[in-house]
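The residues making up each chain are set out below.
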Amino acid sequence: MRTLAEIQATLEVAKLEPADLLPSVQCISFSESVSSGDYCLMELDETLCKYIESGQRLIIRGDKDEHAVLCSEDKTYDLKMADTSNMLLIIPDCKTPDQLSFNTSTRCVMHHQIFGFAKSYWELKKSRPKFRKLKKCLLENPYNGPSCETERNAERSKYTMEDLMESIQASEQEIMQQLQQLRACKIEGYWRILELDYEIKLLNHVTQLVDSESWSFTKIPLQICLQELELLEPREMIEHSLNSYGKAYTSDGEVFYSLSEDEVCKSTALMLLQNAVKFNLSEFEDMWQQSVPEGMSTRLDQLKGAALVDRNSRPQVIFQLSVEDLPENTQDRFKSLFNIRDKWTEDDIAPYIQGLCGEKQTIGSLLTKCARSSMQNGVKMFSSRRPV
């Protein structure tokens, strides 16, 4: 180990003035057990550093056949290995200049050991959560009401939140938000997705009650609704339907729900489309309007990201195409879309690629990067850059 005298001699040879340097000297040496395989380095931004320092956890998630991701409580990051031309030394006790004292005039020597070294480190890049597996897991055992919970259904796979967090590459908050998006319900501790027919059945109970009581769709009293319908379905399922299709609010100390016209109309359309390969557009629009509760109006823009209209066919048709069923990878998503249709307008393709955009990326810039544009009858169309 170096002494102060040896350090002073080195400074003189290097023609450095001690007064220009900090009084503390840190000498480093390799420990006997130093290894490059014992440690992995990860570069964190200031936000994640504070997150770790506050006692929170970062969790790496992914099966053997998946690219690993890192999750905080509310965000997901891709992990990418980055190489560096400089050797990175791992010295646990080494101090940075701002951690050293400037006030002492006495020169001191601190000895630190190198415990490891690396020529690469993990970089983090914020990414989209990967939810395709979530819906697949929940569809293994959809819920069709208490009367249909047979012994066979009980033996099928069911998932708690902990189970989902073990297999889904997303943060806990992101998983919870997606469960709400899928209108999943927590039943006896397990998250279940409802069969569409049962979901519509619950909704019909609510809308028929609204009609018979002459209530407004924007002011449905929760307690009266539960009391009136509890003989037909469990109270928790009726309340789940209200939460799925409406928003709760309080007026004069009583809880009311306001149903979303767009969500009710969208689910009704999906029920009509679920067993049809393609549906005559004109006939569908008539049947759709007749199927929704009286007082609600259907519009095709309610089906963005859920169904697609083919205006080039004769007669025009509509068919179900859910964004949730498309590949999550950007290149695969575009390939799948261009297999469905050779050329797209921006309005038609936007609902299916919006979720692929980065934090500051627009749909236009994503299309410029991943598709070729051309003009057709005065309308800009987008097609594949590669042969399909």
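As a reminder, the structure under discussion sits directly above these lines.
Along each chain, numbering runs from 1 in the same order as the chain's sequence is written. Residue-level local features of this predicted model are given only where pLDDT is at least 70; pairs of side-chain atoms are given and counted only at 80 or more, and the full residue set underlies all totals for whole chains, interfaces and linings. No hydrogens and no water enter the side-chain calculation; it runs on all heavy atoms of the structure.

## Structural notes on the pairing of strand β4 (residues 76-90)
Right, on to step 1. Here strand β3 (residues 69-71) pairs with β4 via three bridges, running antiparallel. Paired with Val69 across the bridge in β4 is Asp78.
Right, on to step 2. The turn joining β3 and β4, which pair antiparallel and follow one another in sequence, is formed by four residues.
Right, on to step 3. Note that β4 and strand β5 (residues 108-126) share ten bridges and pair antiparallel. Paired strands, as defined in this entry, are two strands with at least two bridges between them according to DSSP. Comment: elements are numbered from the N terminus, with helices defined as DSSP H or I runs of at least four residues and strands as E runs of at least two.

## Remarks on a negative patch on the surface
Right, on to step 1. A patch is a set of surface residues, each over 30% in relative accessible area and not in a salt bridge, joined within 9 Å for like charges and within 5 Å for the nonpolar side chains Val, Leu, Ile, Met, Phe, Trp and Tyr. Only the protein chains shown count as cover for residues, and all accessible areas are computed by the Shrake-Rupley method using a 1.4 Å probe. Salt bridges are identified by distance alone: a Lys or Arg side-chain nitrogen within 4 Å of an Asp or Glu carboxyl oxygen. Positive charge is attributed to Lys and Arg, negative charge to Asp and Glu, and no charge count is given to His or to the chain ends. To locate a charge, the coordinates of NZ of Lys, CZ of Arg, CG of Asp or CD of Glu are taken. A cluster of like negative charges, contributed by Glu73, Glu162, Asp163, Glu166 and Glu172, occupies part of the molecular surface.
Right, on to step 2. Looking at the negative patch element by element, the count peaks at three residues for helix α5 (residues 161-167).
Right, on to step 3. Inspection of the secondary structure puts Glu172 in helix α6 (residues 172-181).

## Quick notes on the packing of aromatic side chains
Right, on to step 1. Only the six-membered ring of Trp is used, alongside the rings of Phe and Tyr, when aromatic pairs are assigned; centres must lie within 6.5 Å, and planes under 30 degrees apart are stacked while those over 60 apart are edge-to-face, with the rest tilted. This model, assessed by the stated rule, comprises six aromatic pairs.
Right, on to step 2. Between Tyr143 and Tyr198, the aromatic rings sit 5.8 Å apart at their centres with planes inclined by 75 degrees, giving edge-to-face as the arrangement. With Tyr143 in the loop between α3 (132-138) and α4 (151-155) and Tyr198 in helix α7 (residues 196-213), this residue pair connects regions lying 55 residues apart in the sequence. Comparing Tyr143 with Tyr198 shows no difference in burial state: the two are buried.
Right, on to step 3. Ring plane angle 25 degrees and centroid distance 6.0 Å describe the contact between Tyr249 and Phe256, whose orientation is recorded as stacked. Throughout this description, buried means an accessible area under 20% of the type-specific maximum (1.4 Å probe, protein chains only), exposed means over 50%, and partly exposed covers the range between.

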